[in-house]
Amino acid sequence: MGLSILNDEENAVRDAIRALVKKAIEPKSQEYDILEIYPRDHMRLLGQQGYLGMIVDPEYGGAGTTYLAQTLVVESIAEADPATAVIYEVHNSLHIEAIWRFGTEEQKRRWLPALCRGEAIGAFALTEAEAGSNAAALSTRAVKVAGGYELTGRKMFITSGGEAERYIVFATIDATRGADGITAFLVEKGSPGLSFGPPEDKLGIRASRTSEVILDRVFVPEDQRLGDEGAGYEMALYLLDGGRIGIAAQGVGIMAKALERSLEYARQRQQFGKPIGMFEGVQWRLANMATDLHAARLMTYEAARHREEGPAQRPLFAMAKLFASEHAVRHAEDAVQIFGGYGYMREYGVERLLRDAKITEIYEGTSEIMRWVIASRLLKNYDLDNI
């Protein structure tokens, strides 16, 4: 039975991806987390099954479907493996979408088909040591040379860094121009001068490699500049809007798994001669979890439906990410508490929900930045009828 808030086509997508995830991704998820195995096979499978580049026109290898359909895929993957979900989300919402929306015809035909088939994985290199939330402050330089540009700088916390074959790198052509100097470039792995730091040793999403990307006079041909010179900052903000919907969906997936596992345990675990689900304290947690999950889904799906409206709905995207990510952490904590001592043990899997959930409050815009985005627009001219 599908969700009543989705139409038949959307429910069909949801049913199909959930079946694929349960069969091919979930069984390997725990092992990949423990051993920190990058799930390239998952991405290849998702490409073969038509789940990469879902919003891209079939002419370039995509499925030509809606942003909501892609959001449903992120949610379903996150229920089984949040690490694969974030790799998928960055690959689609930040890398593929950048080329699809801002690339030239030649760039689309050259880059998108392999990305949509899962033969190449894409990364998004924006963050630096002194330019995290303040993306306009980045210091990576792009110097104009004969035939193109030379890029020099260091990018931090890059999802799929060292694993991806393609990188969208943001650099400034003139630091004195601030945001107006930032420009985006398409950089290929193997380019002379491009190297990577070792994988970061992370609390959660451990199967997703996160590494520094180091550029030492990396030559990028003119035809691999993405968009106009100086257009990179607004491009990054636009793409991060979509990324925040994806992270909201990741949070929803974690919430759904936390509730599912908690319900199973509450029905079977016996204390004082009856299932712990019969006790009011557990019931209230479960009721709150179900209510929050429904609310987070509604917010995330609404944000996805409004994606094409772009920056006009930026507060809506921020609200979805803020609510879903913070409640994902809370629900993971609830699941651990319901499991009691068992919840603290790796064997039962719910401690991983908590480790994986925390990052959703941080990447692609912290909760503090989300509140700033929402409040700053409210204080200006955001239409309250949209809330």
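Parameters and conventions
Residues numbered from 1 in each chain as written. Predicted model: local features only at pLDDT ≥ 70, side-chain atom pairs only at ≥ 80, totals over all residues. Heavy atoms only, no water. UniProt positions renumbered as here; feature names shortened; annotations may be inferred. Helix = DSSP H or I, 4+ residues; strand = E, 2+ residues; numbered from the N terminus. Buried < 20%, exposed > 50% of the residue type's maximum accessible area, 1.4 Å probe, protein only. Contact = heavy atoms within 4.5 Å. 1 Å grid on protein atoms, 1.4 Å probe; cavity = no way out; pocket = protein on both sides within 12 Å on 5 of 7 lines; lining within 4 Å. Points joined across faces, edges and corners; volume = space filled by probe spheres on them. Nonpolar A, V, L, I, M, F, W, Y, C, P; charged D, E, K, R; others polar. Domains from an automatic or database assignment. Polar contact = N/O pair within 3.5 Å; in protein donor to acceptor, adjacent residues only side chain to side chain. Phe/Tyr/Trp six-rings, centres within 6.5 Å; stacked < 30°, edge-to-face > 60°. Lys NZ or Arg CZ within 6 Å of the ring centre and 35° of its normal.

### Brief notes about the UniProt feature "domain: Acyl-CoA dehydrogenase/oxidase C-terminal" (unreviewed entry) in the protein chain
Argument step 1. When the UniProt feature table is mapped to this numbering, "domain: Acyl-CoA dehydrogenase/oxidase C-terminal" (unreviewed entry) covers residues 230-379.
Argument step 2. Counted over residues 230-379, helix gives 73% and strand 3%. Its end C-alpha atoms are 28 Å apart.

### What to know about the environment of Pro27
Argument step 1. You can see Pro27 is positioned in helix α1 (residues 8-35).
Argument step 2. Of the residues examined, Pro27 reaches a relative accessible area of 56% and is grouped as exposed.
Argument step 3. C-alpha of Pro27 to C-alpha of Ala80: the two residues are 53 residues apart in sequence and 8.5 Å apart in space.
Argument step 4. What Pro27 contacts, discounting residues up to four positions off in sequence, is Val21 and Lys22.

### Structural notes on the side chain of Glu128
Argument step 1. In this structure, Glu128 sits in the loop between β1 (122-125) and β2 (141-145).
Argument step 2. Residue Glu128 is classed as buried on the basis of its relative accessible area of 6%.

### Some thoughts on the layout of surface pockets
Argument step 1. Counted as a void, the largest pocket has a volume near 1200 Å³.
Argument step 2. In this structure, the largest pocket is lined by 42 residues; those nearest its centre are Thr127, Ile362, Tyr363, Glu364 and Gly365.
Argument step 3. For the lining of the largest pocket, the secondary-structure elements that each account for two or more residues are α4 (82-102), β3 (148-159), α6 (232-268), α8 (314-339), α9 (350-358) and α10 (367-378).
Argument step 4. Looking at the lining of the largest pocket, the element that brings in the most residues is α10, giving five residues.
Argument step 5. Within the lining of the largest pocket, the residues separate by chemical class into 22 nonpolar, ten polar and ten charged.
Argument step 6. Considered as a void within the structure, the second largest pocket measures approximately 460 Å³ in volume.
Argument step 7. Secondary-structure elements contributing two or more residues to the lining of the second largest pocket are α1, α3 (67-80), α6 and α9.
Argument step 8. With seven residues, α1 is the largest single contributor of residues to the lining of the second largest pocket.
Argument step 9. Grouping the amino acids of the lining of the second largest pocket by side-chain chemistry returns six nonpolar, four polar and ten charged.
Argument step 10. Each of domain 1 (8-121) and domain 3 (233-380) contributes no fewer than three residues to the lining of the second largest pocket.

### Details of α9
Argument step 1. In terms of burial, α9 is largely enclosed, as seven of its nine residues are buried.
Argument step 2. Of the positions making up α9, those classed as buried are Val350, Glu351, Arg352, Leu353, Arg355, Asp356 and Ala357.
Argument step 3. Buried-residue contacts for α9 involve α1, α3, α4, α6 and α8.

### Quick word on the UniProt feature "domain: Acyl-CoA oxidase/dehydrogenase middle" (unreviewed entry) in the protein chain
Argument step 1. The positions that UniProt labels "domain: Acyl-CoA oxidase/dehydrogenase middle" (unreviewed entry) are, in the present scheme, residues 123-218.
Argument step 2. Spanning residues 123-218, this segment combines 0% helix with 48% strand, and its end C-alpha atoms are found 17 Å apart.

### Observations concerning the environment of Met370
Argument step 1. For Met370, the location among the structural elements is in helix α10.
Argument step 2. Each C-alpha atom of the pair Met370 and Phe317 lies 8.9 Å from the other, and the pair is 53 residues apart in sequence.
Argument step 3. Once you skip the residues sitting within four places of it in the chain, Met370 turns out to touch Arg244, Ala318, Lys321, Leu322, Glu364 and Gly365.

### What about the side chain of Arg225?
Argument step 1. Of note, Arg225 is situated in strand β8 (residues 225-226).
Argument step 2. A distance of 2.9 Å separates a polar atom in the side chain of Arg225 from a polar atom in the side chain of Glu222.
Argument step 3. Not counting chain neighbours up to four residues away, the residues in contact with Arg225 comprise Gln107, Tyr149, Thr183, Ala184 and Phe185.

### Considerations on unusual backbone geometry
Argument step 1. The phi torsion at Glu36 lies on the positive side, around 55°, for a residue other than glycine.
Argument step 2. Mapped onto the fold, Glu36 is located in the loop between α1 and α2 (40-48).
Argument step 3. Using a relative accessible area of 37% as the deciding quantity, one classes Glu36 as partly exposed.
Argument step 4. Here the phi dihedral of Phe272 falls at roughly 55°; this positive angle occurs in a residue that is not glycine.
Argument step 5. Structurally, Phe272 can be placed in the loop between β9 (270-271) and β10 (274-275).

### Here's the deal with the packing of aromatic side chains
Argument step 1. Under the criterion given, the structure shown has nine aromatic pairs.
Argument step 2. Centroid distance Phe339 to Tyr348: 6.5 Å. Interplanar angle 65°. Geometry classified as edge-to-face.
Argument step 3. Taking relative accessible area as the criterion, Phe339 reaches 4% and is therefore assigned buried.
Argument step 4. A network of ring pairs unites the aromatic residues Tyr265, Phe339, Tyr342 and Tyr348 as a single cluster.
Argument step 5. Between the NZ or CZ atom of Lys108 and the centre of the ring of Trp100, over which it lies, the distance is 5.1 Å.
Argument step 6. A cation over an aromatic ring shows up here: Arg307 above the ring of Tyr67, its NZ or CZ 5.6 Å from the ring centre.

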